[in-house]
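Structure assessment
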Amino acid sequence: YQTDFAYCGPPAAGFAGQSFRAQPGPGSGQLISVDPSSITSGISAVMQPGGLISGTVTSKAGRRLTNICVAATYLRNGSVTQADNEATVYGKYTISGLAAGAYSVEFSPCGRANYASAWYRNKSKASAATRVIVRAGRSTAHIGAVMTAGGTISGHISDAATKAPVRNVCVYAYSPATPDVYGQAFTGPQGNYVVTDLNTGSYQMEFIPCNPGGKNYAAQLRHGLVHVTAGRAVSGSNAALTAGGSVSGTVTSASPVAAQSGICVDVVPTVAGQDGTLAITAAGGTYVAGNLAPGTYKVFFGDPACPYGPYSLASQWYSNQPSQAAATPVTVTAGHTATGIDAALASDGQISGTVTGPTHAKLTGACVAAVPLGARSLPVIAVTRGGGYSVIDLTPGRYRVEFSSGCGASGYATQWWKNASSQAKATTITVPASTVRTGIDAVLRH
């Protein structure tokens, strides 16, 4: 679990939001390993005075604009805080509960008006934004924006064979050079779409059928980029969709064998320039991943970033391979389904042990953090109870373990396993799937 602390009182007098272990901003904290057999205590926080950002958003004509979403991104860790009411009201907004530091502030339309996104001061991309400095207990005012009309891309989507219009196609326009600049739309009954709110730039167009009950068309990337100028319309970005193929199968746990719902299945193309797709397993563990262009793909089961399913199962590539390079390719043909692309997922690993004090008394409230060596994963923290701990649901891989105060116990010096003074000197622990690495113990000293 990830735990955030946020002040819920009036914006004028608040505290800075934070995640567990004093990480500033929402969603930035480490994960907490919860033992279902007991209460995990010591998940505490000391709140610090917060700062505010406020301002006014207008059109070029000076009219105050409603329904412009405003968000502040903390540049230290990328955490995002929305305006208190999520959007401007009569042109005004306030963002409270901010930790002291530097922020990038974004203004984007959240209604139907066609305005190009902007960053303070009236920049067209996040990397060019002027930094806004927030100080604890103080208000940073007059952080406003003048919104300009956005550019548009429009076109028509049809069936390549019948020429009939195709409705319910998701259309995405994104800038390869600036990933924070993008737009999206859906085709209507006549197959037409309009992507609005675009900044000046060149956009890659992607067409993905998004109606599960419709015909299985292959997703398509438009060849070449479409150049857009803010305030102007670009028409004629059309596409003719062809029949797609599918991949299907069943996902279970390995031991005991049981169907697993809510598992993310990523279908990844082996050729650059082709679209992949994502499917979610249903109640019986079955899935169908459609809208695939003919070609070869590799299939990944149990993506750890998946927000839907169990977090206690180790991911794998088809068929039962540890890496994308070793995965067995799956061939997809138009109008057909590659069946039997199944997986049996093993359980995640665990680390357990005992933590005592200088007198060998068993400690309650010590923090034990399993820190993955990979850069993409967050540390996972367990809290000792009666000296024992267990860090569960660990993605198989290599870890280093930190023992410290801060989860109820205090006054102990931080150390790393095995009796190391720093992470660099720590002994690396390999955690396989379905395995508990026991005996990862420590004696803490004052």
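Model, not experiment: these values are computed from the prediction.

Criteria and cut-off values
- Residues numbered from 1 in each chain as written.
- Predicted model: local features only at pLDDT ≥ 70, side-chain atom pairs only at ≥ 80, totals over all residues.
- Heavy atoms only, no water.
- Helix = DSSP H or I, 4+ residues; strand = E, 2+ residues; numbered from the N terminus.
- Buried < 20%, exposed > 50% of the residue type's maximum accessible area, 1.4 Å probe, protein only.
- Contact = heavy atoms within 4.5 Å.
- Areas by Shrake-Rupley, 256 points an atom, 1.4 Å probe, with all protein chains shown as cover.
- Lys, Arg positive; Asp, Glu negative; His and termini not counted.
- Charge placed at Lys NZ, Arg CZ, Asp CG, Glu CD.
- Phe/Tyr/Trp six-rings, centres within 6.5 Å; stacked < 30°, edge-to-face > 60°.
- Core = buried A, V, L, I, M, F, W, Y, C linked by side-chain atoms within 4.5 Å.
- Pairing = 2+ DSSP bridges.
- Salt bridge = Lys/Arg side-chain N within 4 Å of Asp/Glu carboxyl O.
- Patch = residues over 30% accessible without salt bridge, like charges linked within 9 Å, V, L, I, M, F, W, Y side chains within 5 Å.
- Disulfide = S-S within 2.5 Å.

1. Quick word on the overall build of the chain
Of regular secondary structure, the chain possesses 0 helices and 41 strands. Overall, the C-alpha framework of the chain stretches about 80 × 60 × 35 Å when taken along its three principal axes. Every one of the 446 residues in the chain was classed for burial, and the buried ones make up 44%. Here the analysis covers contacts within the chain between residues at least 6 apart in sequence; of these, 67% occur between residues at least 24 apart. When the accessible surface of the chain is totalled, it reaches about 21400 Å², and 52% of it is carbon and sulfur. In the chain, 28 positive and 17 negative side-chain charges are present, and the distance between their average locations comes to 11 Å.

2. Quick word on the side chain of threonine 356
Inspection of the secondary structure puts threonine 356 in strand E33 (residues 349-356). Residue threonine 356 is classed as buried on the basis of its relative accessible area of 11%. Threonine 356 has contacts with Ala361, Lys362, Leu363, Ala442, Val443 and Leu444, leaving out every residue within four places of it along the chain.

3. Description of the packing of aromatic side chains
Tallied over the entire structure, the rule returns 7 aromatic pairs. Their ring planes at 40° and their centres at 5.0 Å tell us that tyrosine 74 and tyrosine 103 sit as a pair that is tilted. In this pair, tyrosine 74 sits in strand E6 (residues 68-74) while tyrosine 103 sits in strand E9 (residues 101-109), placing the two residues 29 residues apart along the sequence. For tyrosine 74, a relative accessible area of 6% corresponds to the buried category.

4. Here we look at the nonpolar core
Ile53, Tyr93, Tyr103, Val105, Phe107 and Met147 are the most contacted members of the largest nonpolar core, which has 24 residues in total. Elements supplying a minimum of two residues to this core: strand E5 (51-59), E6, strand E8 (92-98), E9, strand E11 (132-134) and strand E13 (145-147). With residues near it in sequence (within four places) discarded, tyrosine 93 still touches Ile53, Ser54, Gly55, Thr56, Val57, Val70, Ala83, Thr88, Val105, Phe107 and Ile143.

5. Regarding the environment of valine 89
With respect to the element layout, valine 89 can be found in the loop between strand E7 (80-87) and E8. Classification of valine 89 by relative accessible area gives partly exposed; the value is 40%. With 259 residues separating them in the primary sequence, valine 89 and aspartate 348 have C-alpha atoms 47 Å apart.

6. Digging into the pairing of strand E25 (residues 264-269)
If a strand is regular, its side chains alternate between the two faces of the sheet. Most of E25 sits out of view: 5 of its 6 residues are buried. Two elements, E25 and strand E26 (residues 277-280), share 4 bridges in a ladder whose sense is antiparallel. Within E26, the residue paired with aspartate 266 across the bridge is leucine 278. Pairing geometry for E25 and strand E28 (residues 295-301), over 5 bridges, is antiparallel. Among the inter-strand pairings, valine 265 is bridged to a residue of E28, identified as phenylalanine 301.

7. Some words on the pattern of salt bridges
Under the defined criterion, the tally for this structure stands at 2 salt bridges. Notably, a salt bridge pairs glutamate 402 with arginine 21, separated by 3.6 Å at the nearest N-O pair. Taken together, the residues glutamate 402 in strand E37 (residues 397-404) and arginine 21 in the loop between strand E2 (18-19) and strand E3 (23-24) connect sequence positions 381 residues apart. Residues lysine 215 and aspartate 159 are paired through a salt bridge, measuring 3.2 Å at the closest nitrogen-oxygen approach.

8. What about a nonpolar patch on the surface?
Taken together, the side chains of Leu278, Ile280 and Tyr308 define a hydrophobic patch exposed on the protein surface, amounting to about 310 Å² of accessible area. Mapping isoleucine 280 onto the fold places it in strand E26.

9. Some thoughts on the sheet that holds strand E1 (residues 4-5)
Sheet strands associate in pairs through backbone hydrogen bonding, adopting either a parallel or an antiparallel arrangement. Strands sit in the order E1-E2-E3 across an open sheet of 3 strands; the sheet is antiparallel. Each edge of the open sheet carries a strand with a single partner, namely E1 and E3. Alignment of E2 against E3, held across 2 bridges, turns out to be antiparallel. Bridge pairing in E3 places glutamine 18 opposite proline 24.

10. Here we look at unusual backbone geometry
The amide bond that connects serine 255 to the next residue, proline 256, takes the cis arrangement and shows omega of -5°. Mapped onto the elements of the fold, proline 256 is located in the loop between strand E23 (245-254) and strand E24 (257-259). A cis amide bond links tyrosine 318 to the next residue, serine 319, at an omega of -10°. Tracing the chain through its elements places serine 319 in the loop between strand E29 (316-317) and strand E30 (330-332).

11. Here we look at the state of the cysteines
Overall, the coordinates contain 4 disulfides when judged by the stated rule. The disulfide bridge from cysteine 264 ends at cysteine 306, spanning 2.0 Å between sulfur atoms. With the S-S dihedral at roughly 65°, the linkage between cysteine 264 and cysteine 306 falls on the right-handed side. One end of the pair, cysteine 264, is in strand E25; the other, cysteine 306, is in the loop between E28 and E29, and 42 residues separate them in sequence. Overall, cysteine 264 belongs to the buried group, its relative accessible area being 3%. What pairs with cysteine 367 in a disulfide is cysteine 407, and their sulfur atoms sit 2.0 Å apart. What sets the handedness of the cysteine 367 and cysteine 407 disulfide is the S-S torsion sign, and at about 110° it is right-handed. Here the residue cysteine 367 occupies a position in strand E34 (residues 367-372), and cysteine 407 occupies one in the loop between E37 and strand E38 (415-416), the gap between them amounting to 40 residues. Here cysteine 407 falls in the buried class, since its relative accessible area comes to 1%.

12. With respect to the environment of serine 347
In this structure, serine 347 sits in the loop between strand E32 (343-345) and E33. Residue serine 347 is classed as partly exposed on the basis of its relative accessible area, which comes to 27%. The spatial distance from the C-alpha of serine 347 to the C-alpha of glutamine 316 is 11 Å, given a sequence separation of 31 residues. Excluding residues within four positions of it along the chain, serine 347 makes contact with Ser255, Ser312, Leu313, Ala314, Ala433 and Ser434.

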